[in-house]
Amino acid sequence: HKTGDLRDIIDRLLELTGLETGYHAMHPQPIDLSAVVAAVAAAADLPTGVLLHTDVPAGLLVNADPHRLRQIIDALLGNAVKYNLNGEDIHLAGHGRDAGVVELTVTDAGLGIPAPEREQLFSRFYRADNARHSAVKGVGLGLTLVRVLVEAHGGTVTVDPDHRPGTRIVVRLPACTAWSASRTGATAPPQHRSTALPGGAPGAVDPLDRGARAGVF
């Protein structure tokens with residue numbers, strides 16, 4: 001088991017290095033965020049009794065690598081589930097904010113991040129003090145990978161300082177206009193509205209799920 005954990009850490013470090021050096025290239029294209037969120041929600045492995053609420057308008061386009069975008073959302077949701085020790089609901093939302101920007105938020109009412117430690121949260125191998133002293137295992141690489149992937153898209157990821165209890169992670173990515181999508185031949189995905197999925201419900205098999213979920217945090 002320890003050998004497998006060490007291999008996972010090494011693989012994650014190699015992936016981070018490849019992304020930071022540009023060895024792993026991004027392949028951005030117009031992607032409907034609601035379709036990716038719907039796929040993540042359908043495949044989510046939630047504890048029994050926990051609801052995942054999603055709220056993303058159909059047709060909200062981001063300029064992103066589809067595989068890496070899925071990886072970002074899977075990792076953030078996995079982190080929210082992992083530290084959601086109180087069994088409260090989790091919220092995943094996306095909205096157009098400023099011109100040219102789409103904002104994605106993942107919100108939980110779990111362990112939370114102490115204010116003095118928020119700036120270090122996305123650093124390699126960093127875990128907040130309350131997380132280290134909890135029963136939740138981790139090595140502090142999952143959110144580092146999220147940061148590197150988001151920055152590779154020209155975006156930002158931060159912690160909402162005003163949200164409590166728990167944690168709200170805010171990802172801001174470049175938007176893709178309908179005009180740009182039409183030039184690249186993007187097609188509209190199935191409609192998706194605000195939903196709540198219960199924990200313990202069987203998830204659909206998702207064609208976007210290519211092992212993108214982050215397994216080490």
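That block above? That's the structure.
Nothing here was measured: the structure is a model prediction, and the numbers come from that model. (Residues numbered from 1 in each chain as written. Predicted model: local features only at pLDDT ≥ 70, side-chain atom pairs only at ≥ 80, totals over all residues. Heavy atoms only, no water.)

### Concerning the packing of helix α2 (residues 33–43) against helix α3 (residues 66–82)
Axis separation between α2 and α3 bottoms out at 10 Å; the angle between their running directions is 45°. Judged by the inter-axis angle, α2 sits oblique to α3. Along this stretch, α2 crosses α3, giving a crossing that reads as right-handed. On α3, the residues touching L33, V36, V37, A39, V40 and A43 of α2 are L69, R70, I73, D74 and L77. (Axes fitted to C-alpha atoms, helices over the stretch in contact; angles between N-to-C directions. Helix = DSSP H or I, 4+ residues; strand = E, 2+ residues; numbered from the N terminus. Parallel < 35°, antiparallel > 145°, perpendicular 65-115°, else oblique. Left-handed = near helix turned anticlockwise from the far one by under 90°. Contact = heavy atoms within 4.5 Å.)

### Let's talk about the pattern of salt bridges
Enumeration over the complete set of coordinates arrives at five salt bridges. When the shortest N-O distance is used, the salt bridge between D74 and R70 registers 2.7 Å. Of this pair, D74 and R70 both sit in helix α3, separated by four residues, roughly a single helical turn. An identical accessibility class is assigned to D74 and R70; each is buried. Notably, a salt bridge pairs E103 with R172, separated by 3.1 Å at the nearest N-O pair. Residue E103 is found in strand β5 (residues 101–108), and its partner R172 is found in strand β7 (residues 167–174); the two are separated by 69 residues along the sequence. The class of E103 is buried, set by a relative accessible area of 15%. Three or more residues are tied together by salt bridges with common partners; here these are R97, E103 and R172. (Salt bridge = Lys/Arg side-chain N within 4 Å of Asp/Glu carboxyl O. Buried < 20%, exposed > 50% of the residue type's maximum accessible area, 1.4 Å probe, protein only.)

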